[in-house]
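# Report on the structure
Read off the chains here:
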Amino acid sequence: MLDIGLIERGLEKPGKTKGGLAAAMGVRPGAVSEILSGIRLIKASEIAPIIEYLELNSVPIMGRVGAGASIEPEHEQVPPEGLGEVELPFPIAEETIAFEVAGDSMLPKYENGDVIVVYREQRHPLSSFYGEEAAVRLKTGERYLKTIERGKSPTSVNLTSFNAKPISGVKLEWIGEICVTLPRGQIERLRNKASARSRKAAKPPGGRPPDRQ
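A brief structural summary. (Residues numbered from 1 in each chain as written. Predicted model: local features only at pLDDT ≥ 70, side-chain atom pairs only at ≥ 80, totals over all residues. Heavy atoms only, no water.)

### Some points on the overall build of the protein chain
Heads up, the condition is: Where helices and strands are cited, they refer to DSSP runs of H or I of at least four residues and of E of at least two residues respectively, numbered from the N terminus. Note on classification: 1.4 Å probe, protein chains only; a residue is buried when its accessible area is under 20% of the maximum for its type, exposed when over 50%, partly exposed between these limits. Contacts are residue-level and defined by heavy atoms, with any inter-residue pair within 4.5 Å sufficient. Accessible surface area values rest on a Shrake-Rupley calculation with a 1.4 Å probe, where residue burial reflects the displayed protein chains alone.
When its secondary structure is counted, the protein chain shows 5 helices and 9 strands. Reading the helices (α) and strands (β) of the protein chain from amino to carboxyl end gives α-α-α-α-β-β-β-β-β-β-β-β-β-α. By residue count, 41% of the 213 residues in the protein chain fall in the buried class. In the protein chain, the proportion of contacts linking residues at least 24 apart, taken out of those at least 6 apart, comes to 63%. In the structure as shown, the protein chain presents an accessible area of about 12,300 Å², 51% of it carried by carbon and sulfur atoms.

This is how it looks when you write it as structure tokens:
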């Protein structure tokens with residue numbers, strides 16, 4: 001069942017309204033207010049329209065993360081809104097962003113072209129990530145997908161890979177905790193599904209092409 005807080009955050013997005021959500025669900029306008037106040041339950045058939053209208057499963061791809069390659073954000077030329085979006089097969093509650101994996105140093109777990117979804121804000125202290133794989137940004141600006149290991153000082157770390165030499169004694173500016181990993185094959189299937197849905201939505205009733213002016 002969808003969390004009410006998730007729906008409320010979705011309605012805060014530009015262009016999203018209770019009236020628009022009600023229309024997408026095929027219910028009277030007051031039904032959305034009743035759901036938000038706990039008076040009315042969400043029907044199983046209404047979950048998919050809610051997710052689609054509020055884009056609760058869409059995550060922006062904010063660039064690439066190096067798994068063998070060194071990604072320097074200032075040279076990456078990524079627009080503020082990102083390189084597009086990836087639609088997850090489920091809604092996600094927290095504010096997240098995605099990165100495309102570049103390189104093969106984390107094979108066999110992460111392949112070139114996979115997408116990792118991470119929390120936008122670092123939610124835990126550095127020490128809690130020792131021994132864990134994460135997206136990281138160094139103080140010098142480079143971005144990697146690595147395993148974080150304890151360094152010689154409390155503020156430095158060693159970054160290790162499955163198939164590359166470690167990067168030792170570096171300081172981190174940000175740690176992106178991984179919450180979802182999407183293999184590149186699954187990414188293509190999700191994108192094809194989204195494209196098919198968009199084409200279907202744009203098709204006029206009866207399958208006739210739109211009238212030309």
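### Description of the nonpolar core
The following threshold applies: Nonpolar cores were defined as sets of buried Ala, Val, Leu, Ile, Met, Phe, Trp, Tyr and Cys residues, with membership established by side-chain atoms within 4.5 Å.
Of all hydrophobic cores here, the largest spans 16 residues; its most connected members are Leu-2, Ile-7, Leu-21, Ile-50 and Leu-54. When contributions to this core are tallied by element, the ones reaching two or more residues are α1 (4-11), α2 (18-25), α3 (30-36) and α4 (44-54). Looking at this core, the element that brings in the most residues is α4, giving 4 residues. If you look at the next biggest cluster of nonpolar residues, it comprises 14 residues, including Ile-97, Met-106, Ala-135 and Leu-145.

### Here's the deal with α1
Definition in use: Any pair of nitrogen or oxygen atoms within 3.5 Å is treated as a polar contact; in protein, a donor-acceptor pairing is required on top of that, and neighbouring residues in sequence qualify only through side-chain atoms on both sides.
Regarding α1, the residues found buried are Gly-5, Leu-6, Ile-7, Gly-10 and Leu-11. Residues of α1 that are buried make contact with α2, α3 and α4. The opening residue of α1, the one whose side-chain oxygen lies 2.9 Å from the backbone nitrogen of Gly-5, is Asp-3.

### Things to note about the pairing of strand β3 (residues 96-102)
The cut-off we apply is this: The rule for pairing is simple: two strands pair if DSSP sees at least two bridges between them.
Burial of β3 is extensive: 6 of the 7 residues sit out of reach of the surface. Note that strand β1 (residues 58-66) and β3 share 4 bridges and pair parallel. Of the residues in β3, the one forming a bridge with Val-65 is Val-101. Pairing of β3 with strand β4 (residues 115-119), which is carried by 5 bridges, proceeds in the antiparallel orientation. Bridging across to β4, Phe-99 finds its partner in Ile-116.

### Remarks on the pattern of salt bridges
For the record, the criterion: Salt bridge, as used here, is a side-chain nitrogen of Lys or Arg placed within 4 Å of a carboxyl oxygen of Asp or Glu.
Scanning all chains against the criterion turns up 8 salt bridges. The partner of Glu-34 in a salt bridge is Arg-28, with the nearest N and O atoms 2.9 Å apart. Classification of Glu-34 as partly exposed rests on a relative accessible area of 22%.

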